[in-house]
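Reading the structure
Chain by chain, the residues:
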Amino acid sequence: AEEVTLQKSLPFPIGAAVNISLLKNKTAYRELVTKEFNSLTPESAMKAGVIHPQENTYNWTDADYLVNFAKENNKRVHGHTLIWYKSLPSWITNYQGDAAAWETLFKSHIQTIVAHFKGKVVSWDVVNEAIADDGTMRSSIWLEKLGPDYIARAFQYAHEADPDALLFYNDYGHEYGPTKRGAILDLVNNLKNRNIPIHGIGLQMHTRYTMPDNNLASAINTATQTGLKVHIAELDIAMNPDNIQSLTFSPALAEQQSQKYKFIVKTFNAIPKSQQFGITTWNVSDADSWIPGNYDRPDWPLPFDSNYAKKPAYQGIIDGVK
Ligand code: G3I
């Protein structure tokens with residue numbers, strides 16, 4: 001019988017955030033990515049700090065590598081991310097200039113990158129995490145220097161540089177509850193109503209196995225009501241949210257994780273086809289997840305274990321569309 005893979009089993013694109021150094025240097029990682037996924041998001045390679053290290057220097061090396069790999073292997077590339085408050089190079093955070101100079105910097109950063117990948121990167125997270133958890137606008141150098149309408153202008157500038165690209169607003173915490181979710185949806189609906197070129201909403205969905213199904217369903221279904229394409233853009237399911245250093249990943253936990261993945265996939269699969277941009281997991285396996293390093297704890301958030309073997313979560317994802 002033909003081998004089961006995620007990309008063959010799912011009726012919508014299935015992606016992963018890719019670490020370019022592992023893709024280049026680790027054969028088993030590269031093979032797993034090649035086999036299982038048909039959409040790729042660079043985990044870091046397109047962030048300002050990596051791709052635009054000096055005012056007049058762009059470093060395309062890693063991002064081009066990913067784009068070429070994707071082309072050779074027939075995979076979609078989703079660009080991440082043009083405008084974010086984090087991962088900025090120091091030349092931007094220290095930049096001295098008046099409002100006009102900041103606007104030029106902002107526009108040229110967006111348009112240089114989008115133009116470089118025109119026709120190769122089909123979609124972008126144009127603005128990432130502009131809303132704070134309390135629903136107010138998140139403080140950032142962009143807000144400070146450009147004012148709150150920087151978000152709309154980022155979409156306009158990106159659209160000018162590649163009118164065919166699908167443009168997303170990406171954020172986390174839709175599943176927390178109505179406060180943050182409402183603020184994000186208000187922002188997105190406001191852009192839509194003003195005819196700002198926005199085509200999709202990214203729900204990062206860095207979640208945990210204890211997150212109630214209702215919260216996850218509300219996140220997906222309210223985003224769908226915007227009429228935009230929906231991307232579950234950075235999915236992972238933390239199993240050690242209380243930071244227990246001695247925790248081990250038991251079969252019982254693995255089963256609960258599998259059920260949570262299944263619920264998310266099932267809910268996503270039930271939204272209108274035309275709005276299903278896809279589901280992307282944030283990283284590939286438990287070995288390359290950002291979570292253990294970021295929170296200094298053991299964790300097992302992904303459908304592949306640290307030996308790249310399938311976990312019960314893998315089957316949960318496939319069962320979500322049955
Ligand atoms: O490359 C440098 C290396 O030269 C240096 O020695 C080392 C020391 O700290 O840092 C390395 O950079 C790290 C970079 O990842 C590359 O591995 C940064 O410190 C580290 O902060 C950075 O973390 C990334 C983080 O975004 C910030 O950009 C994570 O890998 C990445 O998974 C994470 O992804 C974000 C999404 O973009 C947005 N949503 C949340 C998600 C998780 O935080």
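Residues numbered from 1 in each chain as written. Predicted model: local features only at pLDDT ≥ 70, side-chain atom pairs only at ≥ 80, totals over all residues.

1. A short note on helix α5 (residues 61-72)
Using the following cut-off: Secondary structure elements follow DSSP: runs of H or I no shorter than four residues count as helices, runs of E no shorter than two count as strands, and numbering proceeds from the N terminus. One less than the number of residues in a helix, times 1.5 Å, gives the span that helix is expected to have. With C-beta atoms placed from the backbone, a residue is labelled by how many other C-beta atoms lie within 10 Å of its own: buried for 20 or more, exposed for 12 or fewer, partly exposed between the two. Comment: arc refers to directions from the helix axis out to C-beta atoms.
The end-to-end C-alpha separation of α5 is 16 Å, in line with the 16 Å expected for twelve residues at 1.5 Å each. Of the positions making up α5, those classed as buried are Asp62, Ala63, Leu66, Val67 and Ala70. Angularly, the buried residues of α5 cover 135° about the axis, an arc narrow enough to put them on a single face. Along α5, the residues that are exposed and aim more than 90 degrees away from the buried face are Thr61, Asn68, Lys71 and Glu72. Looking one or two residues beyond α5, the residue adopting positive phi is asparagine 74, at roughly 65°.

2. A few points about unusual backbone geometry
With an omega of -10°, the peptide bond between histidine 80 and threonine 81 qualifies as cis. Residue placement: threonine 81 occurs in strand β3 (residues 76-83).

3. Observations concerning the pairing of strand β8 (residues 229-238)
Applied cut-off: Any two strands with at least two DSSP-identified bridges between them are counted as paired. A crossover counts as right-handed when, viewed with the strands pointing away from the observer, the path leading from the first strand over the helix to the second turns clockwise.
Counting buried positions along β8 gives ten out of ten residues, so the element sits mostly inside the fold. In this structure, strand β7 (residues 206-208) lies alongside β8, joined through three bridges in parallel fashion. Residue pairing in the sheet places arginine 208 in a bridge with alanine 238 of β8. In this region the chain leaves β7, passes through helix α11 (residues 213-224) and returns to the parallel neighbour β8; the handedness of that crossover is right-handed.

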